[in-house]
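Residue strings, one per chain:
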Amino acid sequence: IGSSSHAAAIDQYEAHHSAGPFSRLRLEFYRLRSEIRSGPNPTTAERVEQLASQTTCLNTETPTAALRVASLTEALWDLADDLARARGDWVAALELTDKIAKSREQRGAPPVEIADALLNQYGPLLVLEEVKAASLRLRMARRSFEAADDIRVDDGAGHAGGSRGADAGAARPQARPG
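First, a word on scope: everything that follows refers to the structure included in this document. Along every chain, residues carry numbers that run from 1 in the direction the sequence is written. Totals for whole chains, interfaces and linings use every residue, but because this is a predicted model, local features are given only for residues with pLDDT of at least 70 and side-chain atom pairs only at 80 or more, for both listing and counting. Working from all heavy atoms in the structure, the side-chain values ignore hydrogens and water.

1. Description of unusual backbone geometry
Then step 1. With a phi angle near 60°, E129 is a residue other than glycine that sits in the positive phi range.
Then step 2. By definition, any uninterrupted DSSP run of H or I lasting at least four residues is a helix, any uninterrupted run of E lasting at least two residues is a strand, and each is numbered from the N terminus. The residue E129 is located in the loop between α7 (122-127) and α8 (131-147) in this model.

Here is the structure:
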């Protein structure tokens, strides 16, 4: 579905459904994400931040509601991170990925999800010539991915086997030469 088709589908859905506060914000998130894919305008980043701040007013009384709100907030920060990277604002990208990691930690996400957010700091840190900090993020992520059995380790013979995603279950850490 193209961006205009996606936006039209969202508009049609809204016209026929009475959306509550969470659903309205989620629909606006989808609209912004679609807009970003077709080329963001100068106000897109501001609108993403406004939406993220509005999530603080949503109901988080039950664990399910709290998780939905945290997930939406993280998705909005991820959009803002994409926009920051696109404009070369590496400091903002670091701040946003840090917010995502802290949110995941607060909601009790598995360490591999937190590591995935922190791994996204690697590129901006390198651009900012923070090589030690970038290397630390990479090592932390690797430990988390290894602990989750979500990465293959170089077998020492130059056969790197990084494997994450749908087939990660087949990836097994290999013993390192001692």
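2. Section: the environment of P63
Then step 1. Tracing the backbone through its elements, the reader meets P63 in helix α4 (residues 63-86).
Then step 2. Remark: exposure states derive from per-residue accessible area (1.4 Å probe, protein chains only) relative to the maximum for the residue type, with buried under 20%, exposed over 50%, and partly exposed in between. With relative accessibility at 71%, the residue P63 sits in the exposed group.
Then step 3. In sequence terms P63 and R107 are 44 residues apart; their C-alpha atoms lie 9.3 Å from each other.

3. Here we look at the packing of helix α2 (residues 21-37) against α4
Then step 1. Packing of α2 against α4 brings their axes to within 11 Å, and their N-to-C directions diverge by 20°. With respect to α4, the axis of α2 lies roughly parallel. At the point where α2 passes α4, the crossing takes the left-handed sense. Along its contact with α2, which presents F22, L25, R26, F29, L32, R33 and I36, the element α4 presents R68, V69, L72, A75, L76, L79 and L83. Helix axes use the C-alpha atoms of the stretch in contact, all axes being lines fitted to C-alpha atoms, and the angles between their N-to-C directions lie in the range 0 to 180 degrees. The cut-offs work like this: below 35 degrees is roughly parallel, past 145 is roughly antiparallel, 65 to 115 is roughly perpendicular, and the gaps in between are oblique. Handedness of a crossing is defined here by the sense of rotation of the near helix relative to the far one, left-handed for an anticlockwise turn of less than a right angle and right-handed for a clockwise turn. The contact criterion used is simple: two residues touch if any of their non-hydrogen atoms lie within 4.5 Å.

4. Description of the pattern of salt bridges
Then step 1. We count a salt bridge whenever a side-chain nitrogen from Lys or Arg sits within 4 Å of a carboxyl oxygen from Asp or Glu. Here the structure, examined in full by the defined rule, presents ten salt bridges.
Then step 2. Of the charged contacts, one joins R104 and E74 as a salt bridge, the two residues approaching to 3.5 Å between their closest N and O atoms. Linking R104 in helix α5 (residues 90-106) with E74 in helix α4, this pair joins segments that are 30 residues apart in sequence.
Then step 3. Among the salt bridges present, the one from R107 reaches E74, with a minimum N-O distance of 2.9 Å. With R107 in the loop between α5 and α6 (111-119) and E74 in helix α4, this pair connects stretches of sequence that are 33 residues apart.
Then step 4. With relative accessibility at 29%, the residue R107 sits in the partly exposed group.
Then step 5. Judged by relative accessible area, which is 6%, E74 ranks as buried.
Then step 6. Look at the salt bridges and you will find they share partners, linking E28, R31, E35 and R47 into a network.

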